[in-house]
Each structure stands twice: as structure tokens, then as C-alpha cells.
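What the coordinates show
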Amino acid sequence: MLSLKCAIEIKCKNSKKTVKFDYCNDILIKTSCKNLTDTAVVKVPRKMQWQGKDLTNFVNIDDEISIQMGYAEMGNIETVFKGYIKNIENATPIIISCENEMRLFKTVNVDAEIIEHFNLKTWLKKYVPELQIELPDDVNFGKVKIEQQTLAQALDKLMSTYPWLKGFFREGVFYGITTHKALANGRILTFNPERNQISDSLKYTTKEDVKIAVKATSIQNDNSKIEVIVPREAVQTTTTTETVKSDYEQRQFYFPGISSKQELKDAAEKLLNDYTCDKMTGSITAFGIPYVRKGDIVRLQDKIRKERDGRKFWVDAVEYKFGTSGYRQTITLGYEIK
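Numbering of residues starts from 1 in each chain and follows the order in which that chain's sequence is written. Confidence filtering applies because this is a predicted model: local features only for residues at pLDDT of at least 70, side-chain atom pairs given and counted only at 80 or more, and all residues used for totals across whole chains, interfaces and linings. Water and hydrogen atoms were dropped before computing side-chain values, which therefore reflect all heavy atoms in the structure.

Here's the deal with the environment of lysine 106
Filter applied, for reference: Only DSSP runs of H or I covering at least 4 residues are called helices, and only runs of E covering at least 2 are called strands; the numbering of each starts at the N terminus. Between buried and exposed lies partly exposed: a residue is buried under 20% and exposed over 50% of the maximum accessible area for its type, with that area taken using a 1.4 Å probe on protein chains only. Any two residues whose heavy atoms approach within 4.5 Å are treated as being in contact. In the analysis that follows, any N or O atom pair within 3.5 Å is treated as a polar contact, provided that within protein one partner can donate a hydrogen and the other can accept it, and provided that, for residues neighboring in sequence, both atoms belong to side chains.
Within the secondary structure layout, lysine 106 lies in the loop between helix H1 (102-105) and strand E10 (109-110). On the basis of relative accessibility, which here comes to 37%, the residue lysine 106 falls in the partly exposed class. Residues lysine 106 and alanine 152, 46 residues apart in the sequence, show an inter-C-alpha distance of 5.1 Å. With sequence-adjacent residues up to four places away left out, lysine 106 is seen in contact with Thr37, Glu99, Thr150 and Ala152. Polar side-chain contacts of lysine 106 include one of 3.2 Å to the side chain of glutamate 99.

Take a look at the structure:
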């Protein structure tokens, strides 16, 4: 049986000291490509001390924190979370709640403006010059209206308005990727129920059972809009508008720069074809190795369930649990990588 190992480091902004400890009761970390804010909760013994004093004498809200976890026998441990302390509950045990880089973004205010040709990288660099950003070259937002709010709120609004772009932080870098593209440096990790997979809640669905409708919108220069819904059998028509029938799952997408309804329909049908395919949904529970990050790719191996064998999926989210009961990763699968 492998021995658990953790290393927690807190840079205290008030005392300028760096507190380090390698023991805790439990750690719970939640990361997701669908949420800009990753979270961590660390529980440490009430009597834990550092340099002869209680831990709470040194640690404060907004101190930097990094969490490493793994197995002692493996020779190294992985940095699973980096961020800032959101709250400290001086209870038994002490509970330290944390958020990733988005905590700082909640303190930065952005200007209200209308940007004719919005460039996400340029706009982010305006407010956070030191931020590392990885974006594809073909991202086109067109005209974007920004309200006066925090940088975190503005990013949340952009991600909901333009769902074809996923934005998230990983290892200090802000990644923006289109829905059907994997990270250039995403790792491929194999899971097999006979070797390194504890359990799963995976569900296989054929494309015949998938009822999805794509609603595509393109905002024009005069602020008018073109809209189409595909497939046509998903359309519910009233006297003035077309909506998606209730028994269909609607996916909303914005396509800047398209002025033709036929071109918009072609783009929507291409997306619909990507979504209406055989798919796997659900999650895998595994041990702490191999270490999986959101944005990685999982390859399934299964000799018994042939519909799974050899298929690869984007990792949408990972939840890490570390403590007295062991080290577990719950890996939520996203779209299939063809």
C-alpha cells in the first residue's frame, strides 16, 4: 500500500513568512473547465503549530497557498492547487477555504465600453499585464459590450454569452479554447477497470437517443440579429418567434461576423452534427495516479464493454479527495475526441 504525502505552503502577506506543513486531516479540491473559479478546502488539526505558535497566528485571508499531493513512494508529488485563502474557520479542525486566481480578478474593476473588434487577450492584458494567456488564433468575438463590473464578473458574462469558448485557469495560465478543440499540451491518460479504475458512473448513449437543438445567433453591425434553429423538427413556431421544443436540449451559440442566414444555418448544422453522435457521459473514480488535470484526455480501455474500449474523452472536471480515507480522483468526462 502506497503512503500518502502532502505539502502545503502558505505565503503570509502580513508577516512575510512562508508557513509550510506536511500533515492535514483532509483536502477537497474541485476544478472544472466550466467554472472559472476552482476551490480547495483544507482541514488541519486544531492544535497544529508552526514555530511554537498556533497556525492561525500567521495565516490570513488573501495569503497565497499551494497544495501538493501524491504518494511518497513515487518520488515526487504534484501541485494540484495554487491560489489564495478565501476564509479561515477557527474551528475543530481548522478549515481553510481557498480560491484560484479568480479571487484576485474579483478585486479588479473593468471599464464600461463597447469594443468593435473585441480581442480577449488584449483586453485581459489591459487589466492584468503579467497574466499568461493561451488562446487559439481564430477566436472572433466581433462587437462586444462590456459593463462596469469586476473582471471576474465580466469574464463570467463572456463565457455565458459565447459558450463556444471555454475559459479556465490551469497552473497559473489562462486558457481559452473553442468547444471542440483540445489543449495542444493536453496529456492522454489511460484508465482500465482491471488496473487503475476504482468505479465509474459512465453512461453510453447512441445518437438516435440524443435530442439536441442548436440555436445560432449573429449580431449585425446595426445591432439587429439573425437567428436559426436546427434541426427544423425541434422548432416550435408562434405568431412572432421561433423557439426550441421543450423535449429538446437547447445549445445556444453566437457567431460574430456572419451576415447570411444560410451561412449561419450551415455553421449551426455543423455544430449539431458534432453533438448528435454516440457519446459517453459520467465520471470515473480512480486513485491518485495517474494524476489527471482538467483539459487532459482520458482513453478508456475495457475488454468487456466494447462500446467504451479505445475511446478518448476531454476531461471537463476533476475533484480530488485526500486524507485519512486515501487519495481519490473523480474525473468527469466531456466531449469525445475523434
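Points about helix H3 (residues 151-161)
Given 3.6 residues to a turn, an α-helix orients residues that are three or four positions apart in the same direction. The cut-off we apply is this: Each C-beta atom gives one direction from the helix axis, and the arc is the one those directions make.
When H3 is considered as a whole, its buried residues turn out to be Leu151, Ala152, Ala154, Leu155, Leu158 and Met159. The buried residues of H3 occupy an angular sector of 160° when the element is viewed end-on, so they sit on one face.

Considering the sheet that holds strand E12 (residues 132-134)
Each strand in a sheet pairs with another by means of backbone hydrogen bonds, the pair being arranged parallel or else antiparallel. Condition: Paired strands, in this sense, are two strands between which DSSP finds at least two bridges. Here an angle of 0 to 180 degrees is reported between the N-to-C directions of two axes, which are lines fitted to C-alpha atoms, with helices fitted over the stretch in contact.
In space, the three strands of this open sheet follow the order E12-E16-E15, with mixed pairing throughout. The two strands at the open ends of the sheet, each matched to only one other strand, are E12 and strand E15 (165-170). Averaged over all adjacent pairs, the angle separating strand axes in this sheet is 20°, with direction ignored. Each of E12, E15 and strand E16 (173-178) is contacted by helix H2 (residues 120-127), which is oriented at about 170° to E12, the strand it contacts most.

Section: the side chain of glutamine 149
Of note, glutamine 149 is situated in strand E14 (residues 149-150). Among the residues examined, glutamine 149 registers a relative accessible area of 16% and is labelled buried. In contact with glutamine 149, not counting residues within four places along its chain, are Val108, Asn109, Val110 and Ala154.

Remarks on the environment of serine 66
Relative to the helices and strands, serine 66 resides in strand E7 (residues 64-71). On the basis of relative accessible area, serine 66 is assigned to the buried category, the value being 16%. For the pair serine 66 and isoleucine 10, spaced 56 residues apart in sequence, the C-alpha to C-alpha distance is 6.7 Å.

A short note on the nonpolar core
The condition is simple: Take the buried Ala, Val, Leu, Ile, Met, Phe, Trp, Tyr and Cys residues and link them wherever side-chain atoms come within 4.5 Å; each set so joined is a nonpolar core.
Judged by nonpolar contacts, the single largest core of 45 residues is most densely connected at Ile10 and Ile67. With five residues, the top contributor of residues to this core is strand E28 (residues 312-323). The contact partners of isoleucine 10, leaving out residues within four places of it in the chain, are Lys17, Thr18, Val19, Phe21, Val59, Asp63, Glu64, Ile65, Ile85 and Ile96. With 42 residues, the next largest nonpolar core counts Ile115, Tyr127, Ile146 and Ala216 among its residues.

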